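Spelled out from the first residue to the last, the chains are:
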Amino acid sequence: MTLFLTFTVLGLVLGSVYAIAASGLVLTYNTSGIFNFAHGAQAMIGAFLYYQLQVVWGVPTLLAVLILLLVVGPVMGFLLHRFIMGGLRDTAEVTKIVVTVAILLGFVSLSHWVWDPQEARMSKMFFGVDSYVTVGGVVIRYHEIICLLAAAAIAIGLRLLFTRSRMGVLMRATVDDPDLLRLNGHDPERIAALAWALGSTLAVLAGILITPVAGGALEANALTLLVIDAFAAALFGRLRSIPRTFVGAVALGLASTYLVAYAPTEWTWITNLRDALPMIILFIVLLVLPQDRLRGAAVRTRERYEVPTVRRAAVWALVMVVVTVAFRQLIDDSSVGTLVLGLSFAIVALSLTLLTGYAGELNLAPISFGAIATIVAFHSGISGEGLDSRMSIVGLVLGVLAAAVTGALVALPALRLRGLYLALATLAFGGFVSSMVLRETQTRSWFGHDFAVFPNGNLIMSPLKVGPLDLANQDTFLYTVAAVFAVLGVGVVALRNSGYGRRLAAMKDSPAAAVMLGQRLVRLKLSVFMISTGIAGLGGIFMSMALSSVTSEHFVYTLSLSLVMLTVVGGIGYVSGALFGGLLAGGGFALVVGTFNELSIEHPVHTETFSLLSHLFLVATALIGIGVGENPSGNLYQIFGSQRLLSRAPEVRYAALGLTAVLYVLTFVEVIGTWTFGIALMVLWLALPALGTALRPTRLLTPEQLEARRTTPLELVGIDTPYPETLAEHLDRELGLPARHRGTTSAPTQPLAPQEDVQHVPV
């Protein structure tokens, strides 16, 4: 009985911390409509800052907690809303999710920079582990009592806030109808900022409380994922009900501790099951949620994607393969593997273009489907031994089919739900794969056969061989994966331009209208998810073959989130956006960080400088996703738009192509380096629209723009806001203009006097 009560108390304490974290999620979602995937990262930052204050700097415990809860938490939430979340209105669900994912990755990179992950840090309980009371033979520490009391107080307080206070009603109104709220004299932005400050404070509190309860050292990825477990509790309350969220969190905590206490000792996989339990419960909750209502009106967002014709896509696919072959002549053999890895990631990212860009559905764990395909291909397709072993085409096909079938199972919630819920289902699947499948390294008996899913935690992936095609040769591998991406890219565009693609677009824009026109959304969702995860599986197998040997670390959930974020940054509605995201996620990070490491070895005096640049690059890259709020269509949308302007002056493009050829020849004969070639090429083509406008204004500017250029003095080009009256008077005095020009108009439409007046100014 004492054992039961002990684990019951432990379960209640763990559930209480989950409830605090989940309450913050519910609060911010109810007041802004944004599901904050960075909630766990905020908790992680709070835990590390508490350690820094209390352990490293010796600040008294109470003062450290007050600083975090009264200053750090509210300020962090206010700044997030003021500079990021407030600009996400009228954007698609994927944009909102990606921005919070970017914040998550940025916080994790920042913590690795500030707090060395190689150093062990232990967070202590309030009043120490020796401060406790005994109730019925059960030892309850003061820290655990504080967790229980804090969770109960927060649950009651938030319930009263939402149901009995005017501020709670105003908070809910900010997401339902902010315009109506504004008409009634309230400021919805101020109210939403207050809600974000409160939600951030709850995340910080959860981070402080959970580390001593869960045990172990502070670790950024683990702590972030630990609080993500609270997602299941938040879904239990359907992201709205605080009492049901509290009940779900307590049930989750109790199930977790009972599993460890009463599972048979011979079940050696029970620890993995306990880690995966929140994700399993999250998936089950998504399955039993009531069906989502179909929207009667089309969803209007700020995202805009232009789908090219199949012929145009085929031309660009051919250009891409030719560029790959040409670029190969400029790089050494050691860099070929990095390029192959980047193209393999691009194939995985291509699955997101079809699923999210065209169909509007979400997948936050594409790399996990690559892991499933890799495992199946390894067990079914490897033949031979040692250096002579090769992957067969049968293994490749079976791996892709396994990923597609798994995708169909994971998409079950999508048959009834959409948007955020499907994103959470795929995230739960990614967590399950990481916690259960990839940790299953021991050999077990399955129906009389000994079998290990992930033997020894390391899979040796042999290269594919089909007839004369042998991917053991790096150049052949590079050209093959480039050709596969090109063919798949053209295929995806052809699919979008077909009747099937138009049905996907209709489902994305207005599910209700699609149903009214006779479309079967269940079949449509299931098919597109299977095709998408099959493509992700193919990319995952290529990725594993490029690495030769893969471990569970190659399929972590943060890698999937990085790939999704970078694809959205590039433009998730474009094949080129997938290429951009894949190259950066698969090869860009490793290439730049590796270059900084090589430079620090070659120049040990500047090691700290190169280390600083390396960390800055990782944090900045993680945070570029925040810019998606300003440009939800992706960076390539803007770049393509500016490049299309040059169609009226083709000679500018020809000149740029000629300069590109010259740079290529100079690099080929080793007059300039590959890095110099790449940077020069990027600067040239990004600056080409501005250069073309400057060199050929009569061809590229409209008549109105030319007229504005002729009548506007050079010093006023680009300034379209009238000077304030006081500033205009000050400028007149400084320029010596006659007094008649001062104060003649209260709001001058022209900032300065006409050009002829300036000519009479005495010097």
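If you're wondering where the values come from, they're calculated on a predicted model, not measured in any experiment. (Residues numbered from 1 in each chain as written. Predicted model: local features only at pLDDT ≥ 70, side-chain atom pairs only at ≥ 80, totals over all residues. Heavy atoms only, no water.)

Chemist: Help me out: how do you make sense of the overall build of the protein chain in this one?
Modeler: Each helix and strand counted, the protein chain has 31 helices and 10 strands in total. Looking at the protein chain residue by residue over its 763 residues, the buried ones come to 48%. In the protein chain, of all internal contacts separated by at least 6 residues, the share reaching a separation of at least 24 is 77%. Accessible surface for the protein chain amounts to roughly 35,600 Å². Of this, 64% is attributable to carbon and sulfur atoms. (Helix = DSSP H or I, 4+ residues; strand = E, 2+ residues; numbered from the N terminus. Buried < 20%, exposed > 50% of the residue type's maximum accessible area, 1.4 Å probe, protein only. Contact = heavy atoms within 4.5 Å. Areas by Shrake-Rupley, 256 points an atom, 1.4 Å probe, with all protein chains shown as cover.)

Chemist: Looking at this structure, how should I read the confidence of the model for the protein chain?
Modeler: Low pLDDT means the predicted coordinates in that region are not meant to be read closely. Put simply, the protein chain has an average pLDDT of 81, and 89% of its residues get 70 or more. By mean pLDDT, the top-scoring element of the protein chain is helix H18 (residues 474-497) (93), and the lowest-scoring one is helix H31 (residues 755-758) (41). Below pLDDT 50 for its whole length, residues 741-763 participates in 25 contacts with residues either more than four positions away or in separate chains. (pLDDT = per-residue confidence, 0-100.)

Chemist: Before we go on, may I ask you to explain the pattern of salt bridges in this structure?
Modeler: One side chain can pair with another of opposite charge once the charged atoms of both are near each other. Across all of its chains, the model carries five salt bridges by this definition. Salt-bridge contacts for Asp333 lead to Arg328; the nearest nitrogen and oxygen are separated by 2.7 Å. Its relative accessible area of 58% is what places Asp333 among the exposed residues. Of the charged contacts, one joins Glu651 and Arg696 as a salt bridge, the two residues approaching to 2.8 Å between their closest N and O atoms. Of this pair, Glu651 sits in helix H26 (residues 650-668) while Arg696 is found in the loop between helix H27 (674-695) and helix H28 (697-700), placing the two residues 45 residues apart along the sequence. (Salt bridge = Lys/Arg side-chain N within 4 Å of Asp/Glu carboxyl O.)

Chemist: Any chance you could explain the packing of aromatic side chains here in plain terms?
Modeler: To describe a pair of aromatic rings, you give the distance between the ring centres and the angle between the ring planes. For the structure on display, the rule yields 11 aromatic pairs. Residues Phe369 and Phe429 carry aromatic rings whose centres are separated by 4.7 Å and whose planes lie at 25° to one another, so their mutual orientation is stacked. On the criterion of sequence distance, the pair formed by Phe369 in helix H15 (residues 366-381) and Phe429 in helix H17 (residues 420-437) is long-range, its members being 60 residues apart. Judged by relative accessible area, which is 0%, Phe369 ranks as buried. (Phe/Tyr/Trp six-rings, centres within 6.5 Å; stacked < 30°, edge-to-face > 60°.)

Chemist: Before we go on, may I ask you to explain the packing of helix H13 (residues 310-328) against helix H14 (residues 333-358) in this structure?
Modeler: Direction vectors running N to C along H13 and H14 enclose 160°, while the axes themselves pass 11 Å from each other. Looking at the two axes, H13 sits roughly antiparallel to H14. Here the hand of the crossing between H13 and H14 comes out right-handed. Contacts between H13 and H14 involve Met320, Thr324, Phe327 and Arg328 from the first element and Asp333, Val336, Leu339 and Leu343 from the second. (Axes fitted to C-alpha atoms, helices over the stretch in contact; angles between N-to-C directions. Parallel < 35°, antiparallel > 145°, perpendicular 65-115°, else oblique. Left-handed = near helix turned anticlockwise from the far one by under 90°.)

Chemist: I keep staring at the environment of Phe451 and nothing clicks. Help me out?
Modeler: Examined against the element boundaries, Phe451 turns out to sit in strand E6 (residues 449-451). Apart from the residues lying within four places of it in its own chain, the contact partners of Phe451 are His379, Gln442, Thr443, Arg444 and Trp446.

Chemist: It is not clear to me how the side chain of Ser256 should be interpreted in this structure. Could you clarify?
Modeler: Position of Ser256 relative to the elements: it lies in helix H11 (residues 242-262). Given a relative accessible area of 7%, Ser256 falls into the buried group. Excluding anything up to four places from it in sequence, Ser256 contacts Leu14, Arg274 and Leu277.

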